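Descriptive structure summary
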Amino acid sequence: MSEEQDPMIDAELNGVEPGEDESEGSLVVAAEMLPSGLPIVPLRPRPAFPGILIPMALAGKEQMAPVKRALDTPSQAIGLVLVMDLEAEDGPENLHTVGVAGKILKVIHADEESIHILVNCLQRFSLEEVTETDQGLFALAHHHPEAELSVNPELKAYSMAILSTLKELVQINPLYSEEIKLFLNRSSMDDPGRLADFAANLTSADGQELQGILETFDVRKRIDRVLVLLKKELEVSRLQTKISRQIEEKVSAHQREFFLKEQLKAIKKELGLEKEGKTTEIEKFRERLKGLTLDAEAKKTVEEELEKLQLIEPSSPEYNVSRNYLDWLTILPWGKFSKDSYNIDRARRVLDRDHYGLEDVKERILEFIAVGKMKGDISGSILCLVGPPGVGKTSVGRSIADALGRTFFRFSLGGMRDEAEIKGHRRTYIGAMPGKFIQSMKSAGTANPVLMLDEIDKIGASFQGDPASALLEVLDPEQNAAFRDHYLDVPFDLSNVMFVATANQLDTIPAPLLDRMEIIRLSGYILEEKVEIARRYLIPKATKNHGLEKGRVTIRKDALRAIIDGWAREAGVRGLENHIKKIMRKAAMAFAKGREEKIVIARRDLVEYLGQPLFAGEDLFEEAPGIVTGLAWTSLGGATLQIEATAVPSKAKGFKQTGQLGDVMVESSEIAYSYVMAHLQGYGAEADFFDTHFVHLHVPAGATPKDGPSAGVTMTTALVSMITGKPVRKKLGMTGELSLTGRVLPIGGVKEKTIAARRAGLSTLIFPEANRKDFDELPDYLREGIEIHYAREYRDVQRVAFGAPRRTGARKPKP
């Protein structure tokens, strides 16, 4: 509803009854000129009182609408009403029934978004009917003009009591004096009602108490309630003054102490007295503490140690112990964190920049960072990178830190035998130090670095303790939030550290420790990957490290392939890097002697630079009866293993194994011997063959210990080949364990063995049927060009090795 829609509201706004002619009205007092219809402005958090000038700042269309409506009327009257619920929306049901009618004296500022006005509050009114219109709240009001009272002795006494209380308030808080002077200039002291309203408005009582006074129309009751409020205000002001005085006294004492200390420093400086070393140390420790966030126990310990250090003489032996302890406590990064970066694209660029290949490893790391992005942190994360030497485990850890934007610190656990290296020494020992983890936190400078634990599989144990067991607390996300080093003896939070461990094998890692880590395997590189790694990383790095200009030495691609095949067949690239360094050293020697032209290394030049090849070519895999190539897994990665069998005519049968075989491989050879003996006639051999022959099974490279449960099939095939006199098919490799009944059992290390087969040039592989899924999960570039057969029983192996391979179960090379 708007003003144009209801003529009744127009009449009420103009101060006349409906139907009356305004021009025929007679002279009336100011109070009587207020209209019976008022635009309503809701107030928060205190009500207004008559006789008070109020500056008001209103913003928003809903608050400005009633003011603009009032300004459009001749009376410019407005109603101010306190809301009942400060949190609720403005509405008729949220208004108190008594408010104050006032007149807008002046518009101080106005624009489209806000308006500032000065309102003169005149008298109380009661709400009779409130309506909500397009221009805000509008009410029909019943005005309550203040009745003129004869000042009797009782009211006069109340008025004097109010004035006396106001006088005390002025003495305590001079801010009240200006408002009292302003009131006395505008009002008479003979008006007790106005005096009561003014005094109530001065108090700091809450809005509901003040509303109760506003709704008290009886002056006698009102002035009584106001006097009670003033007494409360006086007590609050006295208490506030007392508290302020106490604070000022404390501050003054501190200031006095500060000035005296400064004067003492100045006097010492003038007299040429140097500052005591102990004072310098204590100030240094306190300065460090300003940028740290210690927990309650650590903070208490530091304060106790600082007080203790102040009492100890520098010449005392205890002084250095306490000083070193404080030095460690205050230099650790308590509460200092670097900001993590969870940018997946940036992390991928960093990993691709630092490493070629390892796509499965990179994908797992990116998934790990993505989980951290969704979760908001990567606390409690412990990765273990497992793979042969030289595949880039340490550099992968450094790349993870770079991708996350964290500091990186590495220390080796290899050969560590003392538990104190992990958890520190007691401070009672001479030369006591914190453990490696606390030292690492100091070096990293933040509480959330990437901490690499290198060679975790080579950690030892002795009479001095078991470091692997001490690691259990450090690497347990449920415990390391309050890791307590023996030296510090206060809890330090390691839960925000990202631990990355490296190992060559998992067999030597204790099971409880292994259970706390997530395993990521780095299997090694095939020839093509090694070529790219050499071209992109190893050759430029070696060129720079040997002081050679870019382009002065060029190693052709065919030469690189020959180096990898003949000199560096290991799973990693460390051997390849060493051979490239050897070439660069000889090139540097040539340039140092005065050579000017560039050096281009071709395949035919390798013998001159590197000597004779360490590995033979394809002639290694001889096509002769009794010789079979097996696939093996070692801590250095996958490898090919030749097994040879021969039979010597003898009156006494026998079976001998050589090649430094472990217990498991000896058992596999005995199972193969028994299986072949049981099926001699199936191979076309005489039934007494083993009775008249002494059989010798040999695995070359006898200086190298060999063991593992995957050579049974290979040994059986070597014996069958020896008996039948038939060589196995060309470029064939096999792996699998054999049972006495001829079942082919599954093995591990499929990826490593496939890489070794590709590196050795094998084109046909035999795996146990149970490992089909493991081979199918390999990347396409590893399976490319390999004919694969799966065997459930030894008869399946025999068909592939000695006859035409079955088409079923074979994987054809990709075109």
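Rules used throughout
- Residues numbered from 1 in each chain as written.
- Predicted model: local features only at pLDDT ≥ 70, side-chain atom pairs only at ≥ 80, totals over all residues.
- Heavy atoms only, no water.
- Helix = DSSP H or I, 4+ residues; strand = E, 2+ residues; numbered from the N terminus.
- Buried < 20%, exposed > 50% of the residue type's maximum accessible area, 1.4 Å probe, protein only.
- Contact = heavy atoms within 4.5 Å.
- Areas by Shrake-Rupley, 256 points an atom, 1.4 Å probe, with all protein chains shown as cover.
- Pairing = 2+ DSSP bridges.
- Axes fitted to C-alpha atoms, helices over the stretch in contact; angles between N-to-C directions.
- Phe/Tyr/Trp six-rings, centres within 6.5 Å; stacked < 30°, edge-to-face > 60°.
- Lys NZ or Arg CZ within 6 Å of the ring centre and 35° of its normal.
- Bend = angle between axes of the 7 residues up to and from the residue.
- Salt bridge = Lys/Arg side-chain N within 4 Å of Asp/Glu carboxyl O.
- pLDDT = per-residue confidence, 0-100.

Remarks on the overall build of the chain
Tallying secondary structure elements over the chain gives 27 helices and 24 strands in all. Burial analysis of the chain (815 residues in total) assigns 46% to the buried set. Considering only intrachain contacts with a sequence separation of at least 6, the fraction spanning at least 24 residues in the chain is 73%. With the model as given, the accessible surface of the chain reaches about 41,500 Å², and the carbon-plus-sulfur share is 52%.

Thoughts on the sheet that holds strand β8 (residues 408-412)
Pairing is parallel in the open sheet, where 5 strands are placed in the order β8-β9-β12-β7-β13. Strand pairing shows two members of the sheet lacking a second neighbour, β8 and β13 (518-521), which therefore form its edges. With direction set aside, neighbouring strand axes in the sheet form an average angle of 20°. Pairing analysis gives 5 bridges linking strand β7 (residues 382-386) to strand β12 (residues 498-503), with the strands arranged parallel. Bridged to Leu383 within β12 is Val500. Sheet strands in contact with helix α12 (residues 359-375) are β7, β12 and β13, and its direction is about 150° off that of β13. Each of β8, β9 (450-454) and β12 is contacted by helix α15 (residues 436-444), which is oriented at about 150° to β8, the strand it contacts most.

Here's the deal with the packing of aromatic side chains
For the structure on display, the rule yields 10 aromatic pairs. The interplanar angle of 70° and the centroid separation of 6.0 Å between the aromatic rings of Phe437 and Phe499 together place this pair among those described as edge-to-face. Of this pair, Phe437 sits in helix α15 while Phe499 sits in strand β12, and the two are 62 residues apart along the sequence. Note on Phe437: relative accessible area 0%, which makes it buried. Here the aromatic residues Phe655, Tyr673, Phe689 and Phe690 are joined through ring pairs into a cluster of three or more. Over the face of the ring belonging to Trp328 we find Lys442, whose NZ or CZ atom lies 4.6 Å from the ring centre.

A look at helix α18 (residues 527-545)
Considering bend angle alone, the principal kink of α18 is centred on Ala534 and spans about 50°. Regarding α18, the residues found buried are Leu527, Glu529, Lys530, Val531, Glu532, Ile533, Ala534, Leu538, Ile539, Ala542 and Thr543. Check the buried side of α18 and you find it contacts β14 (553-555), α19 (557-566), α20 (574-592), α24 (750-760) and α26 (780-783). Gly547 lies just past α18 and shows a positive phi near 70°.

What to know about the pattern of salt bridges
Under the counting rule described, the total for this entry stands at 37 salt bridges. Among the charged side chains, a salt-bridge network with shared partners connects Arg346, Arg353, Asp354 and Asp402.

A few points about the pairing of strand β4 (residues 98-110)
Taken together, the 4 bridges between strand β3 (residues 77-82) and β4 define a ladder with antiparallel strand orientation. Paired with Gly79 across the two strands is Ala101, which belongs to β4. Examined bridge by bridge, β4 and strand β5 (residues 114-133) share 11 bridges and lie antiparallel to one another. Bridged to Val98 within β5 is Ser126. Connecting β4 to the next strand, β5, in antiparallel fashion are 3 residues.

What to know about the environment of Gly102
Tracing the chain through its elements places Gly102 in strand β4. Classification of Gly102 by relative accessible area gives buried; the value is 0%. Counting along the chain gives 24 residues from Gly102 to Ile78, while the straight-line C-alpha distance between them is 5.4 Å. Gly102 has contacts with Gln76, Ala77, Ile78, Val119, Asn120, Cys121 and Leu122, leaving out every residue within four places of it along the chain.

Structural notes on the confidence of the model for the chain
Overall, the predicted model of the chain reaches an average pLDDT of 81, with 89% of residues at or above 70. Within the model, the stretch residues 1-32 combines pLDDT values under 50 with 34 contacts to residues more than four positions away or in other chains. For the stretch residues 804-815, pLDDT sits under 50, and the model shows 28 contacts to residues farther than four places along the chain or on other chains.

Observations concerning unusual backbone geometry
What is expected of a backbone is that most residues other than glycine have negative phi and most peptide bonds are trans. A cis amide bond links Arg44 to the next residue, Pro45, at an omega of -5°. If you trace the backbone, Pro45 turns up in the loop between β1 (37-43) and β2 (53-59). One non-glycine residue, Gln76, lies in positive phi territory at about 50°. With respect to the secondary-structure elements, Gln76 resides in the loop between α2 (61-71) and β3. Notably, Asp489 is not glycine yet its phi reads approximately 60°, a positive angle. Inspection of the secondary structure puts Asp489 in the loop between β10 (483-484) and β11 (491-492). For Asp489, a relative accessible area of 41% translates into the label partly exposed.

Section: the environment of Tyr673
By secondary structure assignment, the location of Tyr673 is in helix α22 (residues 663-678). Taking the C-alpha atoms as reference, Tyr673 lies 7.0 Å from Thr716; in sequence the two are 43 residues apart. Ignoring sequence-local partners within four residues, the contact set of Tyr673 consists of Gly654, Phe655, Phe690, Val695 and Leu719.

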